[in-house]
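# Analysis of the macromolecular model
Single-letter residue listing:
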Amino acid sequence: MKLTVHAVAEGSRARRATLTTLHNSIETPVFMPVGTRGTVRTQTLAQLDKLGASIILANTYHLLVRPGQELFERLGGLHRWMSWPRAILTDSGGFQIFSLPNARSLGEDGAEFKSYADGRPLLLTPERSIAMQRAIGSDIMMVLDQCIDSTSSHAHATAAMELTHRWAVRSLAARGDSPQALFAIVQGACFDDLRRRSADVLTQLPFDGYAIGGLAVGETRAQREDTTELVAQLLPADRPRYLMGVGTPLDLLEAVHRGVDMFDCVLPTAWAQQGVVFTSRGKIDLRRGVHRLAEVALDPACTCEACTLYSRSYLHHLVKCREPLGWQLLAFHNLSFYLRLMAEIRAQLERGTFARFHAEQRVQLALVDQDNPPARGPRRRIGKPSTRGAFAVVTGETYSALVRIGEPLPGDPDARATRLLERSLRLAALVRGEPRVERVPESRSLVPDERPLVIWDIGLGAAHVAMALVRQLDGTEHAPVELVSFERDLDGFRLALDHQKEFAHLRHPAPHILARSGAYRRDGFVWTVCEGDIAETHVGRPRPDLVLYGLRSSAILAQLALGDAEVLHEVPS
Ligand SMILES: [Zn+2]
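First, a word on what this report is: a plain description of the structure on this page. In this text, all values refer to a predicted model and were calculated from it rather than measured experimentally. Residue numbering note: each chain is counted from 1, following its sequence as written. Selection of residues for local features in this predicted model requires a pLDDT of at least 70, selection of side-chain atom pairs for listing and counting requires 80 or more, and totals for whole chains, interfaces and linings are taken over all residues. To obtain the side-chain values, all non-hydrogen atoms of the structure were used and water was disregarded.

### Digging into the pattern of salt bridges
How we decide: What counts as a salt bridge is simple: a side-chain nitrogen of Lys or Arg found within 4 Å of a carboxyl oxygen of Asp or Glu. Under the DSSP-based scheme used, a helix requires at least four consecutive residues in state H or I and a strand at least two consecutive residues in state E, with every element numbered from the N terminus. Using a 1.4 Å probe on the protein chains alone, a residue whose accessible area is under 20% of its type maximum counts as buried, one over 50% counts as exposed, and one in between counts as partly exposed.
Under the counting rule described, the total for this entry stands at 32 salt bridges. With its nearest N and O atoms 3.4 Å apart, the salt bridge here joins Glu-225 to Arg-221. Placement of both Glu-225 and Arg-221 in helix α9 (residues 221-234) is noted, with a separation of four residues, approximately one turn of the helix. Residue Arg-221 is classed as partly exposed on the basis of its relative accessible area, which comes to 22%. The network of salt bridges with shared partners includes Arg-13, Glu-219, Arg-221, Arg-224, Glu-225, Glu-229, Asp-251, Glu-254, Arg-258 and Arg-362.

Written out as structure tokens, the structure reads:
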């Protein structure tokens with residue numbers, strides 16, 4: 001197997017590559033439709049052709065239970081049996097050890113199941129899994145791993161990771177002389193030290209590719225993105241990276257941005273069965289009564305059969321009656337949406353425009369039914385406290401805001417942040433990439449372009465202003481910028497990070513990395529945060545060229561000798 005990397009995006013780790021397998025070449029980033037039991041549910045081969053699927057996934061555990069290894073040995077593998085001419089990746093059964101709780105015991109040797117087909121005991125060991133995957137004849141085999149809940153304790157996660165490593169070594173030995181590729185799986189739950197250790201141990205072994213396992217099993221979106229980002233960076237650049245079992249279109253976009261090449265997920269077909277579809281108008285739930293008389297296309301931007309031949313009204317009826325045709329049409333539509341998104345990502349990577357596409361789509365892919373917005377009720381997510389320390393998240397009709405407990409909802413913070421930034425001519429010039437020689441005050445007598453433009457953001461809050469700046473800088477040519485945020489109490493910022501549903505502007509790696517490590521860096525941009533009283537924390541920080549601050553921070557400005565910095569403050573609208 002060979003991976004040829006064609007391009008890596010600027011301001012992102014996203015990459016465009018070609019993966020050559022035993023059966024065909026796969027253009028990445030790629031989404032692999034899931035065909036657990038040797039069929040992508042409800043979809044015919046002609047439909048998979050139409051979708052342009054270049055690789056599908058099959059499941060070792062389920063095929064071992066039924067039809068069993070012997071059938072594949074006698075009939076010559078899964079490709080021939082299901083008439084699939086392109087690549088197949090087989091999952092090892094590790095996820096089933098985790099997800100099928102019935103009658104299992106786990107030991108050093110492997111995991112014991114009771115077959116759901118006939119009740120007989122079935123021992124799945126690393127060797128048994130590889131033997132089965134060799135019989136299936138997949139292009140890419142996965143090692144057996146112990147997947148655990150991503151919120152497990154450190155001790156439990158360490159034990160599972162170490163077992164996974166020992167099983168990885170046994171899987172390599174069991175592979176023998178098979179020409180099929182073999183991927184290892186990095187585990188370690190949401191603990192950075194374990195993820196680092198797991199990547200370190202596994203990348204020293206001769207695997208053809210690496211998967212990030214143990215995600216989408218209980219962690220928050222921010223934890224998932226941080227772990228993906230960390231692990232993807234630790235994996236070798238010349239091997240494919242596969243994020244297992246993740247996720248929504250937005251998850252895929254964010255993981256591509258962090259350097260992932262391959263994805264699988266049952267969502268497009270599983271949600272289709274429930275009547276839930278992804279469209280250019282947001283995620284739509286066809287079970288809602290509002291679609292009963294809707295004589296409009298499911299997605300005006302889609303050319304699939306469901307969108308060109310039928311109305312939302314008819315599809316709503318099929319879903320309500322649980323007609324198989326409804327499931328089939330909607331599954332095809334959802335898979336089309338996923339594969340089109342990946343094709344568009346590849347095209348944007350080739351054109352060098354991924355960073356801008358990422359910034360736009362991060363908002364677009366989070367939309368929910370733009371034609372019939374669901375009513376906003378008082379419903380809150382469980383386990384997400386809406387207060388932390390002195391702060392609360394308050395949700396109004398069209399936006400949410402971070403406030404000190406007891407204070408009323410202020411104006412739309414995103415709109416205010418954008419207005420504040422727009423008032424900065426300096427920043428506009430900066431974003432356009434104009435030479436900034438004359439913007440360096442003469443008194444500093446610095447060599448132009450060596451010193452970054454330093455911006456102070458006084459009162460980080462929920463980072464509306466800082467993120468408005470980050471979004472402007474993303475994907476544009478700009479002079480080096482150093483952003484220093486000051487905040488007396490970071491509880492509010494951390495609270496906002498836990499509420500990405502309310503704060504779409506935080507769906508970006510930068511604020512999460514900042515919260516974790518105190519600094520975010522990418523080419524030409526550094527963002528740091530100082531917690532405490534600015535009268536003390538500003539000492540020793542690089543002096544600002546530009547200061548951004550809101551109304552409530554104005555009192556502290558007088559304390560600071562800001563010299564010749566340009567000061568921009570918010571004015572009441
Ligand atoms: Zn469609």
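### A few points about helix α7 (residues 154-175)
Where we set the bar: Between the first and last residue of a helix there are one fewer steps than residues, each counted as 1.5 Å, and that sum is the expected span. Here, two residues are considered to be in contact whenever any of their heavy atoms come within 4.5 Å of each other.
With 22 residues, α7 extends 31 Å between its outermost C-alpha atoms, agreeing within 8% with the 32 Å of an ideal straight helix rising 1.5 Å per residue. Considered for burial, the residues of α7 that qualify are Ala-157, Thr-158, Ala-160, Met-161, Leu-163, Thr-164, His-165, Trp-167, Ala-168, Ser-171, Leu-172 and Arg-175. Those residues of α7 that are buried lie in contact with α5 (94-99), β7 (105-106), α6 (126-136), β10 (140-142), β11 (181-186) and α8 (192-203).

### A word on helix α13 (residues 312-320)
For α13, the complete set of buried residues consists of Arg-312, Ser-313, Leu-315, His-316, Leu-318 and Val-319. For α13, the secondary structure elements touched by its buried residues are α11 (267-274), β16 (282-285), α12 (305-309) and α14 (324-351). Two residues or fewer past α13, Arg-322 is found with a positive phi of approximately 50°.

### Re the coordination of the zinc ion
By definition of the ideal shapes, a tetrahedral metal site with four donors has angles of 109.5 degrees and an octahedral site with six donors has angles of 90 or 180 degrees. Inclusion rule: Sites may look incomplete because water is not among the atoms; the donors themselves are N, O and S atoms within 2.8 Å of the metal, or within 3.2 Å for Na, K and Ca. Under this scheme a four-donor centre is tetrahedral when all angles range from 85 to 135 degrees, a four-donor centre is square planar and a six-donor centre octahedral when opposite donors are above 155 degrees with the rest from 65 to 115, and any other centre is irregular.
Protein ligation of the zinc ion involves Cys-302 (SG), Cys-304 (SG), Cys-307 (SG) and His-333 (ND1), the donor distances falling in the range 2.1 to 2.3 Å. Given four donor atoms and angles of 98 to 117° at the metal, the environment of the zinc ion is assigned as tetrahedral. Spacing between the donor residues of the zinc ion along the chain follows C-x1-C-x2-C-x25-H. A residue pair is termed long-range when its members are at least 10 positions apart, and Cys-304 in the loop between β16 and α12 and His-333 in helix α14 qualify at 29 residues. A relative accessible area of 5% places Cys-304 in the buried class.

### Some points on the packing of aromatic side chains
Any two aromatic rings considered together are summarised by their centre-to-centre distance and by the angle between their planes. Using the following cut-off: Here a Phe, Tyr or Trp ring, Trp counted by its six-membered ring, pairs with any other such ring whose centre lies within 6.5 Å, and the pair is stacked when the planes are under 30 degrees apart, edge-to-face when over 60, and tilted otherwise.
Going through the model one piece at a time under the given rule, you end up with 10 aromatic pairs. Between Phe-207 and Tyr-210, the aromatic rings sit 6.2 Å apart at their centres with planes inclined by 75°, giving edge-to-face as the arrangement. Tyr-210 carries the same exposure label as Phe-207, and that label is buried. Measuring from centroid to centroid gives 5.6 Å for Trp-271 and Phe-278, while their planes differ by 25°, and the two rings are stacked. Exposure remark for Trp-271: the relative accessible area of 25% places this residue in the partly exposed category.

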